[in-house]
Amino acid sequence: MNRSWGKGTAVSEYPSTEQRFAGGTSMAAAVIMVTVGIIQFFQGIAAVAENEVFVAGLDYVCKFDLTTWGWIHIVLDALVAIVGLALFTGAGWARVSAIIVAAISILANFLWLPYYPVWSLVIIALDIVVIWAVSTWNPETVSGNIA
């Protein structure tokens, strides 16, 4: 067997460890987006249906009615779940959409802090993971080497 480990193509044919990790994390990000989208969709329904479910302790500058927040969560999180499903394809438009939707989700959950602080912080952290994973993933590098 003649193996060339110099400047040939043998070394560059395999994805880097970072790309494999980013690819796996991106698939996990798609699962996270779908799961969080569905859970927060139901959270939005709860906010629309019954205002006594959530308790707001402090008054914030950006304060909306719970019904308004409920509809914001219903629409946004349905979009999060749909983009999460599209992210499984690895398409460029789905990756860009995932970054944009995750950034909007960070903003919405920051403003949702007075109503559900722990959950909002968890979702913000997960959205940051989604943005990192999707922005560092190059699907062409990984997909060309699957046996």
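Use the structure listed above.
A few points on the structure.

A word on the overall build of the protein. Scanning the protein from N- to C-terminus turns up 5 helices and 0 strands. Reading the protein from its N end, one meets helices and strands in the order α-α-α-α-α. Expressed as a percentage of its 147 residues, the buried residues of the protein come to 35%. Summing over all exposed atoms, the protein offers an accessible surface of approximately 8600 Å²; the carbon and sulfur share of this is 71%.

To continue, consider the packing of aromatic side chains. Scanning the entire structure with this criterion turns up 2 aromatic pairs. Taken together, a centroid distance of 5.8 Å and an interplanar angle of 75 degrees make the contact between phenylalanine 41 and phenylalanine 42 edge-to-face. On the basis of relative accessible area, phenylalanine 41 is assigned to the partly exposed category, the value being 27%. Centre to centre, the rings of tryptophan 69 and tryptophan 112 are 5.7 Å apart; their planes meet at 65 degrees, and the pair counts as edge-to-face. Note that tryptophan 69 is positioned in helix α2 (residues 66–87) and tryptophan 112 in the loop between α3 (92–111) and α4 (117–136), a separation of 43 residues in sequence. Here tryptophan 69 falls in the buried class, since its relative accessible area comes to 2%.

Below, the discussion takes up the nonpolar core. Met33, Leu87, Ala98, Trp112 and Val130 are the most contacted members of the largest nonpolar core, which totals 19 residues. Elements with a minimum of two residues in this core: α1 (17–49), α2, α3 and α4. Top contributing element to this core by residue count: α2, with 6 residues. Excluding residues within four positions of it along the chain, leucine 87 makes contact with Ser26, Met27, Ala29, Ala30, Met33, Ala94, Arg95, Ala98, Val134 and Trp137.

Along the polypeptide, threonine 67 turns up in helix α2. With relative accessibility at 26%, the residue threonine 67 sits in the partly exposed group.

Quick look at the side chain of glutamine 43 now. Within the secondary structure, glutamine 43 sits in helix α1. By relative accessible area, which is 7% here, glutamine 43 ends up buried. Side chain to side chain, glutamine 43 and tryptophan 119 meet in a polar contact 3.2 Å long.

A word on a nonpolar patch on the surface. On the surface, Val31, Leu85 and Phe88 cluster together into a nonpolar patch covering about 270 Å² of accessible area. Assignment of secondary structure puts phenylalanine 88 in the loop between α2 and α3. For phenylalanine 88, a relative accessible area of 39% puts it in the partly exposed group.

Reading the values: the criteria
Residues numbered from 1 in each chain as written. Predicted model: local features only at pLDDT ≥ 70, side-chain atom pairs only at ≥ 80, totals over all residues. Heavy atoms only, no water. Helix = DSSP H or I, 4+ residues; strand = E, 2+ residues; numbered from the N terminus. Buried < 20%, exposed > 50% of the residue type's maximum accessible area, 1.4 Å probe, protein only. Areas by Shrake-Rupley, 256 points an atom, 1.4 Å probe, with all protein chains shown as cover. Phe/Tyr/Trp six-rings, centres within 6.5 Å; stacked < 30°, edge-to-face > 60°. Core = buried A, V, L, I, M, F, W, Y, C linked by side-chain atoms within 4.5 Å. Contact = heavy atoms within 4.5 Å. Polar contact = N/O pair within 3.5 Å; in protein donor to acceptor, adjacent residues only side chain to side chain. Patch = residues over 30% accessible without salt bridge, like charges linked within 9 Å, V, L, I, M, F, W, Y side chains within 5 Å. Salt bridge = Lys/Arg side-chain N within 4 Å of Asp/Glu carboxyl O.

Geometric descriptors of this kind do not, in isolation, establish any biological role.
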